[in-house]
Amino acid sequence: MRGTVTAVSSNGEYAFSKPNRPAITLLAGLGVEGDVHAGVTVKHRSRVAQDPTRPNLRQVHLIHEELFDDLAAAGHTVAPGELGENITTRGIDLLGLPAGTLLRIGRGAVIEVTGLRNPCLQIDAFQNGLLKQVVGRDEKTGDVVRKAGIMGVVRTGGEVRPGDPVEVELPDEPHRPLQQV
(Lines give C-alpha, C1' and ligand atoms only; values in the text may rest on other atoms or scores of the structure.)
Protein backbone atom coordinates (compact mmCIF):
# COMPACT_ATOMS: atom_id res chain seq x y z
CA MET A 1 0.00 0.00 0.00
CA ARG A 2 1.33 3.39 -0.94
CA GLY A 3 0.10 6.97 -0.64
CA THR A 4 1.28 10.56 -0.65
CA VAL A 5 1.72 13.36 1.86
CA THR A 6 -0.52 16.25 0.77
CA ALA A 7 0.22 18.69 3.62
CA VAL A 8 2.29 19.03 6.79
CA SER A 9 1.39 21.20 9.78
CA SER A 10 2.72 22.11 13.21
CA ASN A 11 2.12 24.61 15.97
CA GLY A 12 4.31 25.55 18.91
CA GLU A 13 1.28 26.75 20.89
CA TYR A 14 -1.86 25.00 22.05
CA ALA A 15 -4.54 25.68 19.43
CA PHE A 16 -7.14 23.53 17.72
CA SER A 17 -5.74 24.03 14.21
CA LYS A 18 -2.15 23.88 13.02
CA PRO A 19 -0.77 26.07 10.21
CA ASN A 20 0.57 24.35 7.11
CA ARG A 21 4.34 24.38 6.64
CA PRO A 22 6.62 23.77 3.66
CA ALA A 23 8.19 20.93 5.71
CA ILE A 24 8.26 19.44 9.21
CA THR A 25 11.06 17.55 10.92
CA LEU A 26 10.23 14.37 12.81
CA LEU A 27 12.43 13.63 15.82
CA ALA A 28 12.82 9.99 16.90
CA GLY A 29 11.02 9.30 20.17
CA LEU A 30 9.66 12.85 20.41
CA GLY A 31 7.39 13.86 17.51
CA VAL A 32 7.32 16.95 15.32
CA GLU A 33 10.11 19.43 16.03
CA GLY A 34 8.67 22.62 17.53
CA ASP A 35 5.15 21.20 17.90
CA VAL A 36 3.41 21.62 21.24
CA HIS A 37 2.60 17.89 21.34
CA ALA A 38 6.20 16.69 20.91
CA GLY A 39 7.74 14.86 23.84
CA VAL A 40 8.46 11.53 25.47
CA THR A 41 5.54 11.86 27.88
CA VAL A 42 1.95 12.94 27.16
CA LYS A 43 1.42 16.55 26.07
CA HIS A 44 -2.31 16.70 25.37
CA ARG A 45 -3.83 18.72 28.20
CA SER A 46 -6.50 16.17 29.15
CA ARG A 47 -3.94 13.38 29.39
CA VAL A 48 -1.43 15.52 31.31
CA ALA A 49 -4.19 16.21 33.85
CA GLN A 50 -4.78 12.45 34.25
CA ASP A 51 -1.14 11.36 34.49
CA PRO A 52 1.76 13.47 33.15
CA THR A 53 4.19 10.53 33.37
CA ARG A 54 2.43 8.34 30.77
CA PRO A 55 4.30 7.71 27.50
CA ASN A 56 3.32 9.94 24.60
CA LEU A 57 1.62 7.63 22.09
CA ARG A 58 0.24 10.72 20.29
CA GLN A 59 3.46 12.32 19.02
CA VAL A 60 2.19 12.64 15.44
CA HIS A 61 -1.41 13.02 14.24
CA LEU A 62 -2.22 11.88 10.68
CA ILE A 63 -5.47 12.38 8.75
CA HIS A 64 -6.44 11.01 5.37
CA GLU A 65 -7.41 13.81 3.00
CA GLU A 66 -10.31 11.69 1.76
CA LEU A 67 -12.05 12.54 5.06
CA PHE A 68 -12.24 16.18 3.92
CA ASP A 69 -14.04 15.01 0.76
CA ASP A 70 -16.60 13.14 2.91
CA LEU A 71 -17.03 16.15 5.20
CA ALA A 72 -17.58 18.43 2.19
CA ALA A 73 -20.37 16.14 1.02
CA ALA A 74 -21.97 16.64 4.46
CA GLY A 75 -21.66 20.44 4.18
CA HIS A 76 -18.40 21.04 6.08
CA THR A 77 -15.38 22.73 4.54
CA VAL A 78 -12.18 21.53 6.19
CA ALA A 79 -8.62 22.07 4.97
CA PRO A 80 -5.37 20.32 5.95
CA GLY A 81 -4.17 21.27 9.43
CA GLU A 82 -7.53 22.61 10.56
CA LEU A 83 -8.33 19.50 12.62
CA GLY A 84 -4.93 19.67 14.32
CA GLU A 85 -3.15 17.01 12.31
CA ASN A 86 0.55 17.11 11.55
CA ILE A 87 0.48 15.05 8.35
CA THR A 88 -2.32 14.87 5.79
CA THR A 89 -2.19 11.92 3.40
CA ARG A 90 -4.02 10.68 0.32
CA GLY A 91 -4.31 7.14 -0.98
CA ILE A 92 -3.99 5.17 2.27
CA ASP A 93 -6.82 3.80 4.41
CA LEU A 94 -5.26 5.07 7.64
CA LEU A 95 -8.25 4.00 9.76
CA GLY A 96 -7.97 0.43 8.46
CA LEU A 97 -4.33 -0.03 9.47
CA PRO A 98 -3.51 -2.31 12.40
CA ALA A 99 -1.63 -1.10 15.46
CA GLY A 100 2.13 -1.37 14.99
CA THR A 101 2.04 -0.53 11.27
CA LEU A 102 5.11 1.37 10.11
CA LEU A 103 4.66 4.35 7.80
CA ARG A 104 7.84 5.07 5.85
CA ILE A 105 7.67 8.67 4.69
CA GLY A 106 9.94 10.58 2.33
CA ARG A 107 13.63 9.81 2.48
CA GLY A 108 13.68 7.85 5.70
CA ALA A 109 11.26 9.04 8.39
CA VAL A 110 9.33 6.23 10.06
CA ILE A 111 6.18 6.54 12.18
CA GLU A 112 4.71 3.61 14.11
CA VAL A 113 0.91 3.72 14.26
CA THR A 114 -0.31 3.56 17.87
CA GLY A 115 -4.06 4.12 17.63
CA LEU A 116 -7.03 6.28 16.76
CA ARG A 117 -7.53 9.93 17.59
CA ASN A 118 -10.50 10.45 19.87
CA PRO A 119 -11.88 13.87 18.92
CA CYS A 120 -13.30 16.04 21.69
CA LEU A 121 -16.03 18.69 21.84
CA GLN A 122 -13.57 21.32 20.57
CA ILE A 123 -14.29 19.99 17.10
CA ASP A 124 -17.86 21.33 17.33
CA ALA A 125 -16.52 24.70 18.46
CA PHE A 126 -14.50 24.69 15.24
CA GLN A 127 -17.57 23.84 13.11
CA ASN A 128 -20.95 23.08 14.62
CA GLY A 129 -22.06 19.50 13.91
CA LEU A 130 -18.61 18.31 12.85
CA LEU A 131 -18.22 15.93 15.80
CA LYS A 132 -21.18 13.85 14.57
CA GLN A 133 -19.43 13.52 11.22
CA VAL A 134 -16.16 12.19 12.65
CA VAL A 135 -17.54 10.05 15.50
CA GLY A 136 -20.49 7.76 15.00
CA ARG A 137 -21.76 4.24 15.53
CA ASP A 138 -21.42 1.19 13.32
CA GLU A 139 -24.94 0.39 12.11
CA LYS A 140 -24.44 -3.38 12.49
CA THR A 141 -22.53 -3.66 15.77
CA GLY A 142 -23.28 -0.36 17.51
CA ASP A 143 -19.55 0.11 18.16
CA VAL A 144 -18.14 3.65 18.21
CA VAL A 145 -16.43 4.56 14.92
CA ARG A 146 -13.75 7.26 15.04
CA LYS A 147 -12.82 8.88 11.71
CA ALA A 148 -10.64 11.85 12.80
CA GLY A 149 -7.32 10.24 12.00
CA ILE A 150 -4.67 8.15 13.65
CA MET A 151 -1.82 8.76 16.05
CA GLY A 152 1.74 7.53 16.01
CA VAL A 153 5.21 7.75 17.46
CA VAL A 154 8.37 8.61 15.57
CA ARG A 155 10.73 5.63 15.25
CA THR A 156 13.16 7.26 12.77
CA GLY A 157 13.43 10.99 12.34
CA GLY A 158 13.58 12.92 9.12
CA GLU A 159 12.09 15.73 7.09
CA VAL A 160 8.57 15.36 5.68
CA ARG A 161 7.19 17.52 2.86
CA PRO A 162 4.03 17.62 0.77
CA GLY A 163 4.48 15.28 -2.19
CA ASP A 164 6.57 12.77 -0.24
CA PRO A 165 5.61 9.12 -0.74
CA VAL A 166 4.21 7.10 2.16
CA GLU A 167 4.85 3.37 2.18
CA VAL A 168 2.94 1.07 4.52
CA GLU A 169 4.67 -1.83 6.26
CA LEU A 170 2.19 -4.02 8.10
CA PRO A 171 3.24 -5.77 11.31
CA ASP A 172 3.34 -9.54 11.65
CA GLU A 173 -0.03 -11.21 12.12
CA PRO A 174 -2.22 -11.50 14.06
CA HIS A 175 -3.05 -7.83 13.47
CA ARG A 176 -4.43 -5.74 16.35
CA PRO A 177 -7.19 -3.31 15.35
CA LEU A 178 -6.67 0.34 16.25
CA GLN A 179 -8.12 1.54 19.54
CA GLN A 180 -8.29 5.12 20.81
CA VAL A 181 -5.09 6.44 22.36
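Presented here is an overview of the structure given in this document.

Reading the values: rules and limits
Residues numbered from 1 in each chain as written. Predicted model: local features only at pLDDT ≥ 70, side-chain atom pairs only at ≥ 80, totals over all residues. Heavy atoms only, no water. Helix = DSSP H or I, 4+ residues; strand = E, 2+ residues; numbered from the N terminus. Rg over C-alpha atoms; globule rule 2.2 N^0.38 Å. Buried < 20%, exposed > 50% of the residue type's maximum accessible area, 1.4 Å probe, protein only. Contact = heavy atoms within 4.5 Å. Areas by Shrake-Rupley, 256 points an atom, 1.4 Å probe, with all protein chains shown as cover. Lys, Arg positive; Asp, Glu negative; His and termini not counted. Charge placed at Lys NZ, Arg CZ, Asp CG, Glu CD. Salt bridge = Lys/Arg side-chain N within 4 Å of Asp/Glu carboxyl O. Arc of directions from axis to C-beta. Pairing = 2+ DSSP bridges. Polar contact = N/O pair within 3.5 Å; in protein donor to acceptor, adjacent residues only side chain to side chain.

Some points on the overall build of the protein
Part 1 of the reasoning: Scanning the protein for helices and strands turns up four helices and 13 strands.
Part 2 of the reasoning: For the protein, the C-alpha radius of gyration of 15 Å lies close to 16 Å, the compact-globule estimate for 181 residues.
Part 3 of the reasoning: If one aligns the C-alpha atoms of the protein with their principal axes, the spans along those axes are about 40 × 35 × 35 Å.
Part 4 of the reasoning: For the protein, buried positions account for 44% of its 181 residues.
Part 5 of the reasoning: Contacts in the protein between residues at least 24 apart in sequence constitute 68% of all its contacts with a sequence separation of at least 6.
Part 6 of the reasoning: Summing over all exposed atoms, the protein offers an accessible surface of approximately 9100 Å²; the carbon and sulfur share of this is 48%.
Part 7 of the reasoning: One finds the centroid of the 20 positive side-chain charges in the protein at a distance of 5 Å from the centroid of its 22 negative side-chain charges.

Describing the pattern of salt bridges
Part 1 of the reasoning: Applying the stated criterion across every chain, the model contains eight salt bridges.
Part 2 of the reasoning: Note that Arg-2 is salt-bridged to Glu-167, the shortest N-O span being 3.0 Å. Linking Arg-2 in strand β1 (residues 2–9) with Glu-167 in strand β13 (residues 165–169), this pair joins segments that are 165 residues apart in sequence.
Part 3 of the reasoning: Judged by its relative accessible area of 38%, Glu-167 is partly exposed.
Part 4 of the reasoning: When the shortest N-O distance is used, the salt bridge between Asp-35 and Lys-18 registers 2.8 Å. One end of the pair, Asp-35, is in the loop between β4 (31–32) and α1 (45–50); the other, Lys-18, is in the loop between β1 and β2 (20–21), with 17 residues separating them in the sequence.
Part 5 of the reasoning: When its relative accessible area of 5% is taken as the criterion, Asp-35 is described as buried.
Part 6 of the reasoning: Note on Lys-18: relative accessible area 6%, which makes it buried.
Part 7 of the reasoning: Several salt bridges share partner residues, and in doing so they unite Glu-65, Glu-66, Asp-69 and Arg-90 into one network.

Here's the deal with helix α2 (residues 66–73)
Part 1 of the reasoning: Within the sequence span of α2, burial applies to Leu-67, Phe-68 and Leu-71. Seen along its axis, α2 keeps its buried residues to an arc of 100°; they face one direction. Facing away from the buried side of α2, by more than 90 degrees, are the exposed residues Asp-70 and Ala-73.
Part 2 of the reasoning: Buried residues along α2 sit against β5 (60–64), β6 (87–90) and α4 (130–134).

With respect to the sheet that holds β4
Part 1 of the reasoning: Pairing in this open sheet of three strands is antiparallel, and the strands run β4-β3-β12 from one edge to the other. On the outer flanks of this sheet lie β4 and β12 (158–160), each paired with one strand and no other.
Part 2 of the reasoning: As judged from the two bridges shared by strand β3 (residues 24–27) and β4, these two strands associate in the antiparallel manner. Bridged to Leu-26 within β4 is Val-32.

What about unusual backbone geometry?
Part 1 of the reasoning: Residue Pro-174 follows Glu-173 across a cis peptide bond; omega there is 5°.
Part 2 of the reasoning: With respect to the secondary-structure elements, Pro-174 resides in the segment after β13.

Points about the side chain of Thr-101
Part 1 of the reasoning: Here Thr-101 shows up in the loop between β6 and β7 (102–105).
Part 2 of the reasoning: Within the structure, Thr-101 has its side chain in polar contact with the backbone oxygen of Pro-98 (distance 2.7 Å).
Part 3 of the reasoning: Beyond its immediate stretch of four places on either side in the chain, Thr-101 contacts Ile-111, Glu-112, Val-113, Val-168, Glu-169, Leu-170 and Pro-171.

Regarding the environment of Val-153
Part 1 of the reasoning: Within the secondary structure, Val-153 is located in strand β11 (residues 150–156).
Part 2 of the reasoning: Of the residues examined, Val-153 reaches a relative accessible area of 5% and is grouped as buried.
Part 3 of the reasoning: For the pair Val-153 and Leu-27, spaced 126 residues apart in the sequence, the C-alpha separation amounts to 9.5 Å.

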